[in-house]
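Below, each chain spelled out in residue letters.
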Amino acid sequence: MIRHSVFLKHLFPRICAIASFSCCAMLTQAQQPLKTLLVGVDHRTVTSLDGDWHYLVDQPPARALYTAQGKVRDNSYALNTHPNINSGPHNDEYDFATAPTLKVPGDWNTQEPTLFRYEGVVWYQRDFDFQPRPNTRTFLHIGAANYRSFVWVNQKRICDHEGGFTPFDCEVTSALKPGSNFVVIAVDSTRDVDGIPSVGIDWFNYGGLTRDVSLVTVPTKFIDDYDIHLKHGATFSSSDANTLTGYVHVEGATAGTPVTLHIPEAGINTTIKTDENGRASFEARALSLALWSPEQPKLYKVELSSGEDKLTDDIGFRDIRVDGTRILLNGKAIFLQGANMHAEAPYRTGRACTDEDVKNIFSFLKDLNANFVRLAHYPHDERMERTADREGIMIWSEIPIWQHISYDKPEVYAKARFMLNEMIRRDRNKASVILWSVSNETPNNPTRTKFLTDLANEARHLDSTRPITSALIGPHPKGMEMVQDDPLINALDVVGQNEYIGWYEMRPEDADNVHWTLPNKPVLISEFGAEAKQGNHGGKDQRWAEEQQVNVYEHQFVMIKKIPQVRGLIPWVLMDFRSPTRNIPKLQDGFNRKGLISEEGKRKQAFFLFQKTYKDHAVGKAE
């Protein structure tokens, strides 16, 4: 979330869902926007609140959280009262102290069998000790909670948040006391027709506190945001390759507050001063810089300080841009060899949220000889970007605008803009992130086109150093002709093209003769593939067999080689993932089986096809 008033004044009231047995009635509830979002929390000293949290299930209708009028209750489970068997009365029939526990971070669906398909409200509670320090402020940092969150500390309502995949920070300074404290968080995973995403999604709706939770204590004047990147001129030049630019923002600072930027290995040590908005802009020349790339993922230790606050980050510097139909990294044309990936944990399933999950995912990517991954269809855990920075894997990151969004409603656009701000603010200093995506597979109509065009322009306003993309679907073939003329292309720097020839339409061999008419821009084949159950074997034309999945891809390669604008391959999908719409027994069993790898980590034949294709650079050219 961005602090600037020019953004805050355009925020619309949040939408609150009230679940019932027969329907989901939507009532509007105003919420004050959170004014602080801390950047680089994973590089600060924090008090972790991860671990066991007590929980209570608010069965529909969610009477403990919502009133009949759709307002949030502050007088129910949020109070965390306890029954006393020796005196009374006690009319609130609950007790967190003796309630079962869930692990945080984590989804509730895969931790408790009775909650596997539950979508609704779960209340979390945790006790913690705290000793306030003078001249400091403390924030409760939540890496992500799906989908709506309502937070109380010591019976005081602190903040609300909508959005299941981006972090938020709630100031708790005034609510904390010396010694024992408690926090209660109600998380509502109910899908909402005016939510982002909307009600129809093709992935599992994991609910809960799905990423890390911590307390962050900072001085009263503190660094909350910064953007440090290679100078992005009209063209890439050797001069720009040694020049860093950006800003550091100090919350609570008056004009003229000194800020020190120190990058020892680059020979940069400069002091800048904040303006009346607390922002200190800079341009600094390095002695020399080794630019970040997949072959050399160089990261520099960047030290920031202002007054009592100090922060150290690890940042890589590189230039990414579009030139005609080419994608240039540090002035050289590149071809993206990657895969799509949902935030599904290998082996154990559930929402990926641990170091072990990320380690497993990147071992798959490295084994595949990939240099790129599309993090579909929402921002993933920050561990993914941090690991990609270190491992040299480039990233496409997108917000969850997927198909059926209410494009005609201003309040829905406000939510989309809010989520875009949160994603870019968190990850703009990650060298691995080379593309911001505003959507996936959206309907082609003027209302949607204006919505997404405005969103693409907002992304450029927030970050002018990265190309903007979206994954388009269609057109349906006319004979052997495929003409992509979606007007959204005009708002994009890089075009993502989803297509499933050989699976959802036509036969695999038809791809050999398909002729594509595509815009004169870099094109990524952002989704293509076929389903196969790992271990299911048969002929090359036998649906659901590993051999047929390979056959589809082999004919795709014939077609793709004929498209001169193609600058990347992103098969759907790296690993099988849960989806409630995939219900063919013994073949799907609730999983989308288009993965190159099963959810158990077993490679399919198609994995080895891509492994060899990527090693030999056999499909596609950078120029």
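Residues numbered from 1 in each chain as written. Predicted model: local features only at pLDDT ≥ 70, side-chain atom pairs only at ≥ 80, totals over all residues. Heavy atoms only, no water.

Concerning the nonpolar core
Inclusion rule: What is meant by a nonpolar core is a set of buried Ala, Val, Leu, Ile, Met, Phe, Trp, Tyr and Cys residues, joined one to another through side-chain atoms within 4.5 Å. To sort residues, take the accessible area from a 1.4 Å probe on protein chains only and compare it with the maximum for the residue type: under 20% means buried, over 50% means exposed, and anything in between is partly exposed. Each helix is a run of H or I in the DSSP string that is no shorter than four residues. Each strand is a run of E no shorter than two, and both are numbered from the N terminus. In what follows, residue pairs with any heavy atoms lying within 4.5 Å of each other are defined as contacts.
One finds Leu 368, Ile 401, Phe 451, Leu 455, Leu 569 and Leu 574 to be the most contacted residues of the largest nonpolar core, which totals 74 residues. Looking at this core, the element that brings in the most residues is helix H4 (residues 410-427), giving 7 residues. Other than its neighbours up to four places away in sequence, Leu 368 contacts Gly 338, Ala 339, Leu 574, Leu 596, Phe 607, Phe 610, Gln 611 and Tyr 614. If you look at the next biggest cluster of nonpolar residues, it comprises 31 residues, including Ala 145, Val 172, Val 187 and Leu 215.

Quick word on the pattern of salt bridges
What counts is decided by this rule: Counted as salt bridges are all cases of a side-chain nitrogen of Lys or Arg within 4 Å of a carboxyl oxygen of Asp or Glu.
Going through the model one piece at a time under the given rule, you end up with 49 salt bridges. Between Arg 386 and Glu 382 there is a salt bridge whose closest N-O contact spans 3.9 Å. Placement of the pair is Arg 386 and Glu 382 together in helix H3 (residues 382-391), with a separation of 4 residues, close to one helical turn. The burial state of Arg 386 is the same as that of Glu 382; both residues are buried.

Quick look at the sheet that holds strand E27 (residues 468-472)
For clarity, the cut-off: Between any two strands, at least two bridges found by DSSP are needed for them to pair. Inter-axis angles, ranging from 0 to 180 degrees, are taken between N-to-C directions of lines fitted to C-alpha atoms, where helices are fitted over the stretch in contact.
Taken in spatial order, the 8 strands close into a barrel running E23-E24-E25-E26-E27-E29-E31-E32, and their pairing is parallel. Put simply, the sheet's adjacent strands are angled 30 degrees from each other on average, direction ignored. Bridge analysis of strand E23 (residues 336-341) against strand E24 (residues 372-375) gives 4 bridges, and the strand direction is parallel. By the bridge assignment for E24, Asn 340 is matched with Arg 374. The strands touched by H4 within the sheet are strand E25 (394-398) and strand E26 (433-440), with E26 carrying the most contacts at an inclination of about 170 degrees.

A look at the state of the cysteines
Put simply, the test is: The disulfide definition used here is simple: a pair of cysteine sulfur atoms within 2.5 Å.
Here the structure, examined in full by the defined rule, presents 1 disulfide. Each sulfur in the disulfide pair Cys 159 and Cys 170 lies 1.9 Å from the other. Taking the torsion about the sulfur-sulfur bond, which here is approximately 50 degrees, the covalent link between Cys 159 and Cys 170 counts as right-handed. Placement of the pair is Cys 159 in strand E9 (residues 156-162) and Cys 170 in strand E10 (residues 168-171), with a sequence separation of 11 residues.

Some remarks on unusual backbone geometry
For the peptide bond that leads from Ala 376 to His 377, omega is -20 degrees, which places it in the cis range. Mapped onto the secondary structure, His 377 falls in the loop between E24 and H3. Residue Val 573 follows Trp 572 across a cis peptide bond; omega there is 15 degrees. Here Val 573 shows up in the loop between strand E32 (566-569) and strand E33 (577-578). Its identity is not glycine, yet Asn 330 carries a phi of approximately 55 degrees, on the positive side.

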